[in-house]
Amino acid sequence: MAMEINLGKLAFDIDFHPSDNLVAAGLITGHLHLYRFSVDSEPVRLLEVNAHSESCRAARFINGGRAVLTGSPDCSILATDVETGATIARLDNAHEAAVNRLINLTESTVASGDDDGCIKVWDTRERSCCNTFDVHEDYISDMTFASDAMKLLATSGDGTLSVCNLRRNKVQVQSEFSEDELLSVVIMKNGRKVVCGSQTGVLLLYSWGCIKDCSDRFVDLSPNSIDTMLKLDEDRIITGSENGIINLVGILPNRILQPIAEHSEYPVECLAFSHDRKFLGSIAHDQMLKLWDLDNILQGSGNSQRNRDGARDSDDDDEMDVDTDSSKFNKGTKTKRKLGNNEHALGSSNDFFADL
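Scoring rules and cut-offs
Residues numbered from 1 in each chain as written. Predicted model: local features only at pLDDT ≥ 70, side-chain atom pairs only at ≥ 80, totals over all residues. Heavy atoms only, no water. Helix = DSSP H or I, 4+ residues; strand = E, 2+ residues; numbered from the N terminus. Buried < 20%, exposed > 50% of the residue type's maximum accessible area, 1.4 Å probe, protein only. Contact = heavy atoms within 4.5 Å. pLDDT = per-residue confidence, 0-100. Pairing = 2+ DSSP bridges. Axes fitted to C-alpha atoms, helices over the stretch in contact; angles between N-to-C directions. Phe/Tyr/Trp six-rings, centres within 6.5 Å; stacked < 30°, edge-to-face > 60°. UniProt positions renumbered as here; feature names shortened; annotations may be inferred. Core = buried A, V, L, I, M, F, W, Y, C linked by side-chain atoms within 4.5 Å. Polar contact = N/O pair within 3.5 Å; in protein donor to acceptor, adjacent residues only side chain to side chain. Salt bridge = Lys/Arg side-chain N within 4 Å of Asp/Glu carboxyl O.

Enquirer: I keep staring at the overall build of the protein and nothing clicks. Help me out?
Expert: When helices and strands are counted, the protein shows two helices and 28 strands. Expressed as a percentage of the 356 residues in the protein, the buried residues total 61%. Residue pairs at least 24 apart in sequence account for 51% of intrachain contacts in the protein once pairs closer than 6 positions are excluded.

Laid out in structure tokens, this is it:
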């Protein structure tokens, strides 16, 4: 059984501290919760911060875990001190649309994605927005980072996958439009494959260097949308679906290895690993944050050594122009975009991190 934390409200995102047994959750109410957990005691809530005037869609620990960054449909990004809960800095006009996604890149950079398909890269050392990529035509659903190659991959509700080259400050390649919204993305097979989860439950596989066209499709999880994925190792991913099932899935050969956890029938919104990868955290529409003992739930699945996300170290692939096809598919949206979403257009700013 998992440790369970009743959040009391629907959560949209969770993130674990990079070196301590702390987990942060962003709620539909705009609140940020911080909990301490351990194997031999009940989780304890350390902080409850009224972070945003609208829902808190994204949460990430930054600066070695000293702060938590949150993003919201109110277009703001907030940095909160982990020890005190005090506001370190707030940018009220981070994006011109709802902030939907945050991701750590390097020790001093983070990326944010919004509902209009805009990605911004923030340099905490230079205290500025250093890159803006207006690559997608619909919301940014997920992002992942190939650190060796300095390439940021993003999926979008417009049905495409993009690769932004941070060394060259350009969109390197964008895939052709798929049949439905892409919701999640991981890099697999030592950087040779990119896997995307979709609204219809199909896993789309792309080969690095040939991002334009999908190279393989895995349909066994269909028709349940795959809102979140984690890479367990180079051959296996963990998927969270709208039917409440968390599955272990093998990639090439593509197969469902086994269901490993669940939230009854409630759609799974987000998955994350604890810093030591002893726990798998999951949130769903049952308003519960569950902490699963990873070794226990993987027993019988041929568990091998767990590796961190791999990345490409070459910088000479995908030298293609961006696909400028403006057609897009609108078959619905992720839940976090449906609930409590008032859009604002507040402009942009470049000095959010001046106080960090």
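Further notes follow.
Enquirer: When you look at the confidence of the model for the protein in this model, what are you seeing that I'm missing?
Expert: Where the model shows low pLDDT, its predicted coordinates should not be examined in detail. In the predicted model, the protein carries a mean pLDDT of 88, and 84% of its residues have values of at least 70. Note on residues 304–333: pLDDT is under 50 here. Beyond four places in sequence and across chains, it has 89 contacts. Every residue in residues 340–355 is under pLDDT 50, and counting partners more than four places away or in other chains gives 58 contacts.

Enquirer: Sorry, what's going on with the sheet that holds strand 21 (residues 216–218) here?
Expert: The pairing of strands in a sheet happens through backbone hydrogen bonds and is either parallel or antiparallel. Taken in spatial order, the four strands of this open sheet run 18-19-20-21, and their pairing is antiparallel. The two strands at the open ends of the sheet, each matched to only one other strand, are strand 18 (182–188) and strand 21. Taken pair by pair, the neighbouring strands of this sheet meet at an average axis angle of 25°, ignoring direction. Both strand 19 (residues 193–198) and strand 20 (residues 203–207) contribute to a ladder of five bridges, which runs antiparallel.

Enquirer: What is the right way to read the packing of aromatic side chains from this model?
Expert: Aromatic rings considered in pairs are described by the distance between their centres and by the relative angle of their planes. Throughout the structure, instances matching the rule amount to two aromatic pairs. Geometrically, the ring pair formed by Phe16 and Phe37 is edge-to-face, given 5.7 Å between the ring centres and 85° between the ring planes. Taken as a pair, Phe16 in strand 2 (residues 11–16) and Phe37 in strand 4 (residues 31–38) lie far apart in primary sequence, 21 residues in all. Judged on exposure class, the residue Phe16 and its partner Phe37 are both buried.

Enquirer: Quick question: what am I supposed to make of the sheet that holds strand 27 (residues 279–284) here?
Expert: Within the open sheet, the four strands sit side by side as 1-28-27-26. Their pairing is antiparallel. Single-partner strands in this sheet number two, and they are strand 1 (3–6) and strand 26 (268–273). Mean inter-strand twist for the sheet, computed between neighbouring axes without regard to direction, equals 20°. Here strand 27 pairs with strand 28 (residues 288–293) via five bridges, running antiparallel. If you follow Leu280 over to strand 28, its bridge partner there is Trp292.

Enquirer: Hey, could you run me through the UniProt feature "repeat: WD" (unreviewed entry) in the protein in this one?
Expert: UniProt's entry tags residues 92–132 and 261–296 with the feature "repeat: WD" (unreviewed entry), counted in the numbering of this structure. Secondary structure over residues 261–296 splits into 8% helix and 56% strand, and the C-alpha atoms at its two ends are 10 Å apart.

Enquirer: Would you explain the nonpolar core in this entry?
Expert: In summary, soluble globular proteins display a tendency toward joint burial of nonpolar side chains. Counting residues in hydrophobic clusters, the biggest one holds 17 residues, and the most contacted among them are Leu7, Ile14, Val23, Phe37, Ile283, Leu289 and Leu291. Of all elements in the fold, only strand 1, strand 2, strand 3 (22–27), strand 4, strand 26, strand 27 and strand 28 reach the threshold of two or more residues within this core. Among residues more than four places away in sequence, those in contact with Ile283 are Leu7, Ala11, Phe12, Asp13, Ile14, His263, Pro267, Val268, Glu269, Cys270, Met288 and Leu289.

Enquirer: Teacher, can you tell me more about unusual backbone geometry here?
Expert: With the exception of glycine, most residues fall at negative phi, and the peptide bonds are largely trans. With an omega dihedral of 10°, the bond running from Ser222 to Pro223 counts as a cis peptide bond. Its place among the elements puts Pro223 in the loop between strand 21 and strand 22 (226–231). Backbone torsion omega between Leu252 and Pro253 reads 5°, so that peptide bond is classified as cis. Its location among the elements puts Pro253 in the loop between strand 24 (245–250) and strand 25 (255–262). With a phi angle near 50°, Asn63 is a residue other than glycine that sits in the positive phi range. Following the sequence through the fold, Asn63 ends up in the loop between strand 6 (58–62) and strand 7 (67–71).

Enquirer: Please explain the side chain of Ser184 as it appears in this structure.
Expert: For Ser184, the location among the structural elements is in strand 18. On the basis of relative accessibility, which here comes to 0%, the residue Ser184 falls in the buried class. Here the side chain of Ser184 touches Ile226 through a polar contact of 3.0 Å, landing on its backbone oxygen. When residues no more than four places from it in sequence are discounted, the contact partners of Ser184 are Ser141, Asp142, Thr155, Val195, Cys196, Gly197, Ile226, Asp227, Thr228 and Met229.

Enquirer: Honestly, the pattern of salt bridges in this entry has me stumped. Any pointers?
Expert: Two side chains that carry opposite charge are able to pair once their charged atoms sit near each other. The tally for this structure, following the rule as stated, stands at 10 salt bridges. Of the charged contacts, one joins Asp20 and Arg36 as a salt bridge, the two residues approaching to 3.0 Å between their closest N and O atoms. In this pair, Asp20 sits in the loop between strand 2 and strand 3 while Arg36 sits in strand 4, placing the two residues 16 residues apart along the sequence. The class for Asp20 is partly exposed, based on a relative accessible area of 26%. Overall, the relative accessible area of 35% leaves Arg36 in the partly exposed class. One salt bridge connects Glu48 with Arg45, and the closest N-O pair in it is separated by 3.1 Å. A residue is classified by how much of its surface remains accessible, and Glu48, at 44% relative accessible area, is partly exposed. Owing to a relative accessible area of 44%, Arg45 belongs among the partly exposed residues under this scheme.

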